[in-house]
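Residues per chain are reported as follows:
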Amino acid sequence: MNGWILAATVELGGGGAAAVWGVTTGPLARRVVAQNLTTSVVCPALLLLSQGYGRPAYVDLALLLALLGPVGTLVFARLLSDELERGEAGAWGLTWAAAGLGAAVVVALCVAGGPGRAMVKLLVIGVLLIGGNLIASRALAGGIQGVRGG
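Residues numbered from 1 in each chain as written. Predicted model: local features only at pLDDT ≥ 70, side-chain atom pairs only at ≥ 80, totals over all residues. Heavy atoms only, no water.

Colleague: Kindly report on the pattern of salt bridges, identifying the contributing residues and their values.
Modeller: Evaluation of the coordinates by the stated rule reveals one salt bridge. K121 is the partner of D60 in a salt bridge, and the nearest nitrogen-oxygen pair spans 2.5 Å. With D60 in helix 3 (residues 57-79) and K121 in helix 6 (residues 117-140), the pair connects residues that are 61 residues apart, well separated along the chain. When its relative accessible area of 39% is taken as the criterion, D60 is described as partly exposed. (Salt bridge = Lys/Arg side-chain N within 4 Å of Asp/Glu carboxyl O. Helix = DSSP H or I, 4+ residues; strand = E, 2+ residues; numbered from the N terminus. Buried < 20%, exposed > 50% of the residue type's maximum accessible area, 1.4 Å probe, protein only.)

Take a look at the structure:
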């Protein structure tokens, strides 16, 4: 086991436990926020595991997850808008913590990998992950017109 795999294990352990707790307990608003957190936890873990195991295919999975995860959250926010209106779905502390974690992982992997096509792909993943997470969280909090009736 190297440091990359250890970092992915710690991240999945802590973030995964928080996401599972949020999905299995509490009101609907907390469950949808936890679903959004799952994307923000698993995507950086896939990037760390890719570096740790030397498997570039995991980066492609992270790219797909960074693209589709926030879209899934927006679909949930739209379909469950009436139920979400009754609860407070804001979790800006978690959102910024997940964005910071994603940025830290992407920067660390860019430094480790050096310049090249892989770095460009990592930066695209970082932008999609952080931007998508912020947009989806804003939609869950009622800040986007037409998504939650705001």
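Colleague: Pulling in residues and values, what's your account of a nonpolar patch on the surface?
Modeller: There is a patch of nonpolar side chains on the surface, built from M1, L6 and V10 and spanning about 360 Å² of accessible area. In this fold, V10 is placed in helix 1 (residues 3-24). Note on V10: relative accessible area 58%, which makes it exposed. (Patch = residues over 30% accessible without salt bridge, like charges linked within 9 Å, V, L, I, M, F, W, Y side chains within 5 Å. Areas by Shrake-Rupley, 256 points an atom, 1.4 Å probe, with all protein chains shown as cover.)

Colleague: Tell me about helix 6, residues and numbers included.
Modeller: Taking 1.5 Å of rise per residue, 24 residues should cover 34 Å, and helix 6 covers 34 Å from first to last C-alpha, within 8% of that figure. For helix 6, the set of buried residues is L122, I125, G126, L129, G132, N133, A136, S137, A139 and L140. Its buried side turned inward, helix 6 meets helix 2 (28-53), helix 3, helix 4 (81-85) and helix 5 (92-113). (Expected span 1.5 Å × (residues − 1). Contact = heavy atoms within 4.5 Å.)

Colleague: Help me get a handle on the packing of helix 2 against helix 6, residues and values and all.
Modeller: Running from amino to carboxyl end, helix 2 crosses helix 6 at an angle of 170°, the nearest separation of the two axes being 10 Å. One way to sum up the angle between helix 2 and helix 6 is to call them roughly antiparallel. Note on element contacts: helix 6 touches helix 2 through L122, I125, L129, N133, A136, S137 and L140, opposite V32, V33, N36, T39, S40, C43, P44 and L47. Among the residues making up the contact of helix 2 with helix 6, the classes are represented as 10 nonpolar, five polar and no charged. (Axes fitted to C-alpha atoms, helices over the stretch in contact; angles between N-to-C directions. Parallel < 35°, antiparallel > 145°, perpendicular 65-115°, else oblique. Nonpolar A, V, L, I, M, F, W, Y, C, P; charged D, E, K, R; others polar.)

Colleague: Which residues make up the nonpolar core, and what are the values?
Modeller: Core analysis: the biggest nonpolar cluster contains 17 residues, and C43, L47, A62, L122 and I125 have the highest contact counts within it. When residues of this core are traced back to their parent elements, those giving at least two are helix 1, helix 2, helix 3, helix 5 and helix 6. Of all the elements, helix 2 adds the most residues to this core, at five residues. (Core = buried A, V, L, I, M, F, W, Y, C linked by side-chain atoms within 4.5 Å.)

Colleague: Can you lay out the packing of helix 3 against helix 6 for me, pointing to particular residues and giving the numbers?
Modeller: Close contact between helix 3 and helix 6 brings their axes to 9 Å; oriented N to C, the two are set at 15°. Relative to helix 6, helix 3 is oriented roughly parallel. Relative to helix 6, the crossing made by helix 3 is left-handed. Contacts between helix 3 and helix 6 involve V59, D60, A62, L63, A66, L67, P70, T73, L74 and A77 from the former and K121, V124, I125, L128, L129, G132, N133, I135, A136, A139 and L140 from the latter. Its residues placed into classes, the contact of helix 3 with helix 6 shows 16 nonpolar, three polar and two charged. (Left-handed = near helix turned anticlockwise from the far one by under 90°.)

Colleague: Hey, could you go over the environment of T24 for me, with residue numbers and the actual values?
Modeller: In this structure, T24 sits in helix 1. Here the alpha-carbon distance between T24 and G54, two residues 30 residues apart in the chain, equals 34 Å. A distance of 3.4 Å separates a polar side-chain atom of T24 from the backbone oxygen of W21. (Polar contact = N/O pair within 3.5 Å; in protein donor to acceptor, adjacent residues only side chain to side chain.)

Purely spatial values, then, with no claim about function.
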